[in-house]
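Now for the letters of each chain:
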Protein chains: 2
Amino acid sequence: MDSHAAHIHYGHMHEPQDINTDAPPTLADVAAAAGVSTATVSRCLNNPELVTEKTLERVLAAVDHLGYSPNFSARALASRRTNMIGAIIPTMDNAIFARGLQAFQEELQKNGCTLLVASSSYKQDLEEEQIKALTARGADALLLIGYHRDPGIYAFLEKRRIPVLVAWAYDPAKPYLCVGFRNRDAMKRLAEKVLEAGHRKLGCITAETAANDRARERVDGIRDAMAAADLAPDTLEIVETTYSIESGDQAFRQLMQDTDTPTAIMCGNDVLAVGALRAAADMGLRVPEDVSITGFDNIELASVSPQPLTTVHVPHRRMGQYAAQALMKVLSGGDVPASLELPADLCMRATLAPPRKP
Amino acid sequence: MDSHAAHIHYGHMHEPQDINTDAPPTLADVAAAAGVSTATVSRCLNNPELVTEKTLERVLAAVDHLGYSPNFSARALASRRTNMIGAIIPTMDNAIFARGLQAFQEELQKNGCTLLVASSSYKQDLEEEQIKALTARGADALLLIGYHRDPGIYAFLEKRRIPVLVAWAYDPAKPYLCVGFRNRDAMKRLAEKVLEAGHRKLGCITAETAANDRARERVDGIRDAMAAADLAPDTLEIVETTYSIESGDQAFRQLMQDTDTPTAIMCGNDVLAVGALRAAADMGLRVPEDVSITGFDNIELASVSPQPLTTVHVPHRRMGQYAAQALMKVLSGGDVPASLELPADLCMRATLAPPRKP
DNA sequence: GCCTCAAATGTAAGCGTTTACATTTTTCAT
DNA sequence: ATGAAAAATGTAAACGCTTACATTTGAGGC
């Protein structure tokens with residue numbers, strides 16, 4: 001059975017010196033070794049159905065023997081496709097994006113695509129820069145977080161025909177493919193629970209809202225619930241701060257230093273909430289007896305903090321996974337995938353209770 | 001002063017139809033617009049010092065006018081350099097790698113390089129696959145975690161002349177560029193503290209050691225300290241498990257179910273330790289009065305868990321940053337950077353105390 | 001066997017850069 | 001002014017692949 005393998009002659013017999021050269025083998029080397037043209041080798045690799053079983057076998061043997069692996073730059077140049085997908089996230093330091101990105105990457109991998117990563121540090125101008133940088137690098141498509149960005153940048157992407165998917169937000173009114181949930185609605189539902197518990201004076205610790213529509217929407221969700229309960233909007237005391245436990249701690253102290261302090265503090269994310277929890281403990285305030293605190297995201301932190309945090313569960317991994325699937329579908333040119341709304345369910349745990357009677 | 005700008009004629013006057021074509025402009029377009037050769041344009045972009053101020057200005061104006069941005073695939077093909085650096089980490093789900101990667105990426109960005117990410121899920125064969133995949137993609141250099149891998153893969157990388165940097169470990173005896181700390185020594189120091197506190201029966205919860213030299217080294221560190229204190233090696237009860245809070249929880253219960261249970265449980269990382277902490281609370285065991293628990297990594301989790309965790313601080317961000325700097329230096333062809341040992345200091349907090357007297 | 005048509009393969013022109021090398025222009029000592 | 005050397009620019013050949021188109025091969029109906 002091996003006999004006809006011996007008929008394959010690898011390399012040119014008249015050019016013995018190019019055996020074992022240190023440059024990696026090229027398509028042409030494989031073609032020569034298999035005794036076919038480069039076009040056929042290319043076909044074997046990319047469209048095997050266009051090729052006889054016999055040649056396929058022979059070519060694959062040569063590929064194997066030579067240890068050939070295609071040069072992606074050349075492939076990209078010729079096919080005008082890089083098979084690289086870019087993701088621009090605020091920061092990987094934030095567990096929610098790290099988790100989502102991990103799922104995104106796993107899914108891309110299954111489809112032979114590679115993940116190109118850049119981060120914007122929650123800065124709008126930096127994000128624009130990164131979008132330009134990754135498209136310049138040839139990213140075939142882009143994963144972006146939230147809707148908020150300059151219309152010019154959307155125009156730029158459209159003109160370049162770069163498919164884009166917005167994640168961590170869902171708004172069917174917007175003309176972009178997206179996967180996520182309704183931040184505003186989710187926070188409104190949580191705020192309703194807070195109001196139902198009897199709280200009338202609320203505080204809010206939020207990430208900076210300037211370039212962050214998710215944060216903004218969550219604050220608006222609280223306002224919606226308050227309005228529905230006929231509470232004056234200015235009853236809501238808001239502190240805007242950066243993303244860290246320490247910031248949450250500081251912000252909590254700031255909210256609690258005045259007279260007539262809020263009886264419930266709603267935080268824009270779990271990290272801030274855990275900071276608030278820490279500050280409360282440090283100030284000798286019991287949660288939820290003396291003050292209620294809520295979070296958002298349901299990261300691991302939320303389940304092991306001193307009191308299990310009442311928060312909103314966000315399906316980070318599913319978002320990352322669907323994002324990859326949708327983008328792959330767009331690139332394959334098939335039918336356009338639909339935007340997907342995922343549920344963001346309340347996690348009622350231990351840090352919300354009725355306010356102390358005065 | 002503007003007058004001579006008017007002398008620049010953009011585009012060929014005899015080819016009016018190629019204005020506003022949808023394909024992005026190429027080097028040749030810029031060259032034509034500026035009235036120079038493509039070589040000159042290329043020089044303006046890559047080696048401006050080789051070009052007259054006047055032409056530079058003219059070319060840059062054309063670049064600007066046309067909105068030209070170089071095609072990276074073509075550039076990579078011609079220059080045999082992709083300016084992409086690959087990182088293969090176990091998982092971004094793990095905060096320590098997410099943090100390190102974030103710093104790594106920030107530093108790369110400063111140097112005009114892009115980050116290519118893949119994850120191995122702590123599986124050796126998957127890691128090999130990813131190494132091959134990223135090199136095939138043309139990664140100019142690679143960031144790898146820990147030393148443990150098949151010698152064949154090191155040979156492969158050497159043959160391909162792909163610079164590699166090992167992070168999260170430091171072993172001057174190994175022939176690879178690295179940045180990290182001595183896992184074994186750090187854990188040994190922590191174990192010494194545990195023994196000094198009077199513990200004689202230790203337990204250990206570790207991540208799977210098969211393909212994870214960091215985990216293995218940490219366990220060995222405990223053994224070292226025990227040996228130095230003349231304790232029989234089999235006094236150490238070890239449970240090996242996967243990386244998650246829940247696993248830490250389970251493992252703790254397992255260790256504590258026998259008679260003659262350990263008085264101190266040393267965990268291979270903070271996540272497992274937090275799980276142990278949770279299990280202890282659930283079982284009605286007070287920490288550290290009834291049992292001591294230690295972690296490793298000093299992630300945020302460790303400072304906000306019910307009891308502040310005694311652990312080892314690992315400088316994740318500095319590792320990521322130095323890794324990028326070192327790799328950039330290697331690629332620039334200058335002097336070879338040195339491996340860097342970073343300190344891993346003990347964080348003595350609230351979960352370690354002397355054992356209860358029996 | 002012959003012809004037609006489809007399947008398989010080959011040929012060669014790109015893809016958009018970089019970079020030796022060749023050529024032209026400038027500088028400057030004479 | 002002149003010539004040599006240096007600086008600036010141009011020419012054109014890679015880089016390694018894909019793919020439209022041309023050519024060859026083979027199958028099947030007659």
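Everything numeric in this text was worked out from a predicted model, so none of it was measured.

### A look at the pairing of strand 2 (residues 114-119) of chain B
- Of all the six residues making up strand 2 of chain B, six are buried; the element is thus mostly covered by neighbouring parts of the structure.
- Burial of the side chains of strand 2 of chain B extends over both faces: T114, L116 and A118 of chain B are buried on one face and L115, V117 and S119 of chain B on the other.
- Examined bridge by bridge, strand 2 (residues 114-119) of chain A and strand 2 of chain B share three bridges and lie antiparallel to one another. Residue pairing in the sheet places L116 of chain A in a bridge with L116 of chain B of strand 2 of chain B.
- Pairing analysis gives six bridges linking strand 1 (residues 84-89) of chain B to strand 2 of chain B, with the strands arranged parallel. From the neighbouring strand, I85 of chain B faces strand 2 of chain B, where its bridge partner is L115 of chain B.

### Details of the protein's contact with DNA strand C
- Surrounding DNA strand C, one finds 24 residues, the nearest of these being T40 and T52 of chain A together with L27, S42 and Y68 of chain B.
- The protein-proximal atoms of DNA strand C, defined as those within 4 Å of the protein, are 68% sugar or phosphate.
- Here a phosphate oxygen of DNA strand C sits 2.9 Å away from a polar atom, N or O, in the main chain of S37 of chain A.
- Going through the elements one at a time, helix 2 (38-46) and helix 4 (72-79) of chain A together with helix 2 (38-46) and helix 4 (72-79) of chain B are the ones with two or more residues in the surface near DNA strand C.
- Along the lines of polarity and charge, the residues of the surface near DNA strand C split into eleven nonpolar, ten polar and three charged.

### As for the protein's contact with DNA strand D
- With respect to spatial proximity, 24 residues lie near DNA strand D, and among them L27, S42 and Y68 of chain A together with T40 and T52 of chain B are the closest.
- For DNA strand D, the fraction of atoms within 4 Å of the protein that belong to sugar or phosphate moieties is 69%.
- Within the contact set of DNA strand D, a base nitrogen lies 3.5 Å away from a backbone nitrogen or oxygen of A74 of chain A.
- Note that a sugar or linking oxygen of DNA strand D is positioned 2.7 Å from one of the side-chain N or O atoms of T52 of chain B.
- Only helix 2 and helix 4 of chain A together with helix 2 and helix 4 of chain B provide two or more residues apiece to the surface near DNA strand D.
- For the surface near DNA strand D, the residue count by class is eleven nonpolar, ten polar and three charged.

### Regarding the domain arrangement of chain A
- On domain assignment, one finds that chain A holds domain 1 (3-70), domain 2 (83-181 + 316-341) and domain 3 (183-313).
- Each of domain 1 of chain A and domain 2 of chain A has a C-alpha centre, and these two points are 38 Å apart.

### Details of helix 9 (residues 213-228) of chain A
All names here are of chain A.
- Across its 16 residues, helix 9 extends 22 Å between first and last C-alpha, which sits within 8% of the 22 Å expected from 1.5 Å per residue.
- Here helix 9 starts with a cap whose side-chain oxygen sits 3.1 Å from the backbone nitrogen of R214, and that cap is N212.
- The first or second residue beyond helix 9 is D230, which carries a positive phi of 60°.

### A word on the interface of chain B and chain A
- Across the contact, 46 residues belong to chain B and 46 residues belong to chain A.
- Summed over both partners, the interface of chain B with chain A buries about 3900 Å², with 52% contributed by carbon and sulfur atoms.
- When residues of chain B are sorted by the area they lose upon contact with chain A, M92, R137 and V304 of chain B head the list and together hold 18% of the total.
- Inspection of the region where chain B meets chain A yields two salt bridges.
- Residue R317 of chain B pairs with D93 of chain A through a salt bridge whose shortest N-O separation is 3.6 Å.
- Breaking the side of chain B that touches chain A down by element, the ones donating at least two residues are helix 4, helix 5 (95-110), strand 2, helix 6 (124-136), helix 11 (270-282) and helix 12 (301-304) of chain B.
- Of the residues contributing to the side of chain B that touches chain A, the split by class is 22 nonpolar, 15 polar and nine charged.

### Re the confidence of the model for chain A
- Here chain A shows a mean pLDDT of 91. Residues at 70 or above account for 94%.
- Confidence drops under pLDDT 50 across residues 1-20 of chain A; counting only partners more than four residues distant or on other chains, this segment forms 13 contacts.

### Quick word on the state of the cysteines
Residue and element names in this part refer to chain A.
- Under the counting rule described, the total for this entry stands at zero disulfides over all chains.
- Unpaired in this structure, C204 has its nearest cysteine sulfur neighbour in C267, at a distance of 7.5 Å.
- Classification of C204 by relative accessible area gives buried; the value is 2%.

Rules of the game
Residues numbered from 1 in each chain as written. Chains lettered and ligands numbered in written order. Predicted model: local features only at pLDDT ≥ 70, side-chain atom pairs only at ≥ 80, totals over all residues. Heavy atoms only, no water. Buried < 20%, exposed > 50% of the residue type's maximum accessible area, 1.4 Å probe, protein only. Helix = DSSP H or I, 4+ residues; strand = E, 2+ residues; numbered from the N terminus. Pairing = 2+ DSSP bridges. Near = heavy atom within 4 Å. Polar contact = N/O pair within 3.5 Å; in protein donor to acceptor, adjacent residues only side chain to side chain. Nonpolar A, V, L, I, M, F, W, Y, C, P; charged D, E, K, R; others polar. Domains from an automatic or database assignment. Expected span 1.5 Å × (residues − 1). Contact = heavy atoms within 4.5 Å. Buried area = accessible area lost by both parts, 1.4 Å probe. Salt bridge = Lys/Arg side-chain N within 4 Å of Asp/Glu carboxyl O. pLDDT = per-residue confidence, 0-100. Disulfide = S-S within 2.5 Å.

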